[in-house]
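Here's the letter readout for the chains.
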Amino acid sequence: MKSLYVKFVVITIGIMVLSGITAFIISNSYYQQKLKPFNDEKNTQIALNITSFTAAHPDMILDEYMENLSTIGYQLYLVDQSGKGKFFGAPFRDKTLPSNIISDVLNGTSFHGILHFPQETFVTGFFANELRNTIGVPMVHDGKKYALFLRPDIKLLFNEMHLLLAWLLALTILLSILFVLFSTKYLVKPISKLTAATKLLANGSYDVELDTYRHDEIGELSKSFLRMAKKLEQADDMRKEFISNISHDIQSPLSNIKGYTNLLENEDANPEMRAQYISIINDEISRLSSLTKQMLLLASLDRNEDILKKKSFNVGQQLRDLVRTYQWVLGEEKDLMLSYTLPDIEFIGDPSLLNTVWDNLLTNAIKYTNPGGSIDLSIDVKAEYMIVRFSDTGIGMKPEELERIFDRFYRADSARTRSIEGTGLGLSIAAAIVKLHGGQIHVRSTENEGTSFIVEMPLAKNL
Amino acid sequence: MTTILIADDDNHILQLVTIHLTDAGFKVFQARDGVEGLDVLKKNPCDLAVIDIMMPYLDGFALTKEIRRLYDIPIILLTAKSEIEDKEKGFESGTDDYLVKPFEPKELLFRVKALLRRYENEPDDSAIKIGNTIINKKSYEVQIGDRIVLLPLKEFELLHVLASSPMQVFSRDQLIQQIWGLDYEGDERTVDVHIKRLRERFAKITNDFQIKTVRGVGYLLEANRG
């Protein structure tokens, strides 16, 4: 099974084994480099003490003395002049020793077997129970020459230590493995919980519960997971509301169209009435068409900032051009006065999207201002901001309407909704575009006195 | 007589626009694509061009660029698309104005006239200056300091008539004849409504002039000496 749990356990144990081996190699080389000469010298000193004792006491029985030495923790090998050897104490595992070494020692040269014991990577010479791993010194007793080879009887001296270390090591390994098994379970369990929670989310239930009391990364993950779930729930609610709004806004023109086509079928209708029906149908169709266009725009605005095609352009000129295209509607259809103070101001932004903003704000002002009223446009630059203001002397809004005007599909006072065309998306689009440019849009309104929309845009100089 | 070129591959639009412009007293030349449009212009100098964007051979943008290069006449682009990219492209190619189909024939007329006024080569002596206020008959704009004021057509004309002879009293009848025309059938109250609006509008933004009522006679405009 390739679960995280198994992987974690295997990796942890692997690390333990690897670090054990590495530690052994390092300490072994430390023994070889530093401890071995010291050990050799120490044992050489002991051997010399023995030889000086035997030289000073020619009358004692040598074998007894050797036997005695072996019982206090040494392994000894004594060779006499004729080359006959005798072992005392615990037997050596490997008893080979080149004969030239023995004769050298008999002739008075010390042998440093411990120091010259061959280095092997995985074997500490310290424990090697071999005759070659001894100190050899010439010895004189009772006028006869001997060669004495000796090494400490590690087994006798350190047996309990050995056991203690072995237990320590074994228990350490065993317990580590056990604890790894348990702690991994504890670490991995929240992840399994998260997996279960994602499955819940995928099935559309947003009220997942997770432990968020942990202060580690997994606790963080759980917390942000919960936040995400909450956001998803909100987005889902918005989507549902959006769809129900859209269905309503699509359904009502459609039912109008259907109703009027039915009326057209009626053969009693005179040409005038027919013309009227057809113009109503056309209006409803164009309403549907502009609705879908605006929804598309809004959807693309929601997606990301990449939609902005920024360049430097003259906002004053853009607004003056816009005003000119509405001059006819203003002057001829609605008897509105439009005044403006629009100096040339260079701005870096998406000209076509910003034109949509101004267009939406201006058409709103025109729509909601009664004949004889006036509209004023101005641009000011204050500090690092460009402030574009659209003020009208129109019908205004109630404070509770003001709060919602940037909501999608919201249209102030639904009673008059039918008489004034619009989709209820214009201000949402304007607000989205302004936000993408890092700006803000404010509104001030008094019922029956008028409304001002104020767009504040940072004059981005970092482009 | 003022002549206008109309280039559109849609026959219905071509006829519709021709009828309305002819009714308004213009002489109209028709072209069904961009290349024909250039031919027509070569043979008959026109004062203004109304051009559709979607046309075979040479589209509206290209035709506009060509006309800009060869002639000094105002251009209005017509299009079925209300896409802002088109609008931008239109202004980049050098058009003076832009109208989206379907449009009101009256709106087209309004814009044609406005453009022709702007392009008129008359010296600009039609502007009236009262204090900081400039009333410009050519652009139909009132300028007060930095601020430009666009008035409904009749209100502008009323203001212009009154301002052209300050301190002169105009009777309601006179004003109706000059502004609405002899065949206007509404009553004199219309003048009162427009005067009231003008007063309200300018009271807030300037005190360069005042429109006064002369009881029993009519109205006059008095400039304030500051």
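All values reported here derive from a predicted model rather than from experimental measurement.

Asker: Could you give an account of the interface of chain B and chain A, naming the residues involved and the relevant values?
Answerer: Of the residues lining the interface, 19 residues belong to chain B; the matching set on chain A comes to 21 residues. Only helix 4 (84–93), helix 5 (105–119), strand 9 (147–150) and helix 8 (189–205) of chain B provide two or more residues apiece to the side of chain B that touches chain A. For the side of chain B that touches chain A, the per-class residue count stands at 11 nonpolar, no polar and eight charged. The pairing of strand 7 (residues 337–341) of chain A with strand 9 of chain B spans three bridges and is antiparallel. Among the inter-strand pairings, Ser339 of chain A is bridged to a residue of strand 9 of chain B, identified as Val149 of chain B.

Asker: Describe the sheet that holds strand 3 (residues 48–52) of chain B, with residues and values.
Answerer: All names here are of chain B. Spatially, five strands are ordered 2-1-3-4-5 in an open sheet, and the strand pairing comes out parallel. Two strands bound the open sheet, and with one partner strand each, they are strand 2 (27–31) and strand 5 (97–100). For this sheet, the mean inter-axis angle between neighbouring strands, taken without regard to orientation, is 20°. Its contacts with the sheet put helix 3 (residues 60–70) on strand 1 (3–7), strand 3 and strand 4 (75–79), and the angle it makes with strand 3 is roughly 160°. Sheet strands touched by helix 5: strand 1, strand 3, strand 4 and strand 5. Its angle to strand 5, the strand with the most contacts, is close to 175°.

Asker: Quick one: what's the story with the environment of Cys46 of chain B, residue by residue and with numbers?
Answerer: Residue and element names in this part refer to chain B. Looking at the secondary structure, you find Cys46 in the loop between helix 2 (34–43) and strand 3. Taking the C-beta count within 10 Å as the criterion, Cys46 has 21 such neighbours and is therefore assigned buried. For Cys46 and Val28, which are 18 residues apart along the polypeptide, the C-alpha to C-alpha distance reads 8.8 Å. Among all residues touching Cys46, those that are not within four sequence positions of it are Thr3, Ile4, Leu5, Phe29, Leu41 and Ile73.

Asker: Please give an account of the nonpolar core that cites residues and values.
Answerer: In summary, soluble globular proteins display a tendency toward joint burial of nonpolar side chains. Counting 63 residues, the largest nonpolar core has Val357, Leu361, Ala430 and Ile433 of chain A together with Leu150 and Leu159 of chain B as its most contacted members. In this structure, Leu150 of chain B is in contact with Val323, Gln327, Leu330, Gly331, Met337 and Leu338 of chain A together with Glu141 of chain B, ignoring residues within four places of it in sequence.

Asker: Pulling in residues and values, what's your account of the packing of helix 8 (residues 315–333) of chain A against helix 9 (residues 351–367) of chain A?
Answerer: Residue and element names in this part refer to chain A. Look at helix 8 against helix 9: their axes get within 10 Å of each other, and the N-to-C directions meet at 35°. As helix 8 runs across helix 9, the sense of the crossing is right-handed. The residues of helix 9 that touch helix 8, namely those facing Gln318, Leu319, Leu322, Tyr326, Val329 and Leu330, are Pro351, Asn355, Trp358, Asp359, Leu362 and Ile366. Residue composition of the contact of helix 8 with helix 9, by class: nine nonpolar, two polar and one charged.

Asker: Give a detailed account of helix 8 of chain A, specifying residues and quantitative values.
Answerer: Residues and elements named next belong to chain A. The first and last C-alpha atoms of helix 8 sit 27 Å apart over 19 residues, in line with the 27 Å expected at 1.5 Å per residue. When the local axis directions of helix 8 are compared, the greatest deviation, roughly 50°, occurs at Tyr326. Along helix 8, the residues that are buried comprise Val315, Gln318, Leu319, Val323, Tyr326, Gln327, Trp328, Leu330 and Gly331. Looking one or two residues beyond helix 8, the residue adopting positive phi is Asp335, at roughly 50°.

The rules behind these values
- Residues numbered from 1 in each chain as written.
- Chains lettered and ligands numbered in written order.
- Predicted model: local features only at pLDDT ≥ 70, side-chain atom pairs only at ≥ 80, totals over all residues.
- Contact = placed C-beta atoms within 7 Å.
- Helix = DSSP H or I, 4+ residues; strand = E, 2+ residues; numbered from the N terminus.
- Nonpolar A, V, L, I, M, F, W, Y, C, P; charged D, E, K, R; others polar.
- Pairing = 2+ DSSP bridges.
- Axes fitted to C-alpha atoms, helices over the stretch in contact; angles between N-to-C directions.
- Buried ≥ 20, exposed ≤ 12 C-beta atoms within 10 Å, placed from the backbone.
- Core = buried A, V, L, I, M, F, W, Y, C linked by C-beta atoms within 7 Å.
- Left-handed = near helix turned anticlockwise from the far one by under 90°.
- Expected span 1.5 Å × (residues − 1).
- Bend = angle between axes of the 7 residues up to and from the residue.

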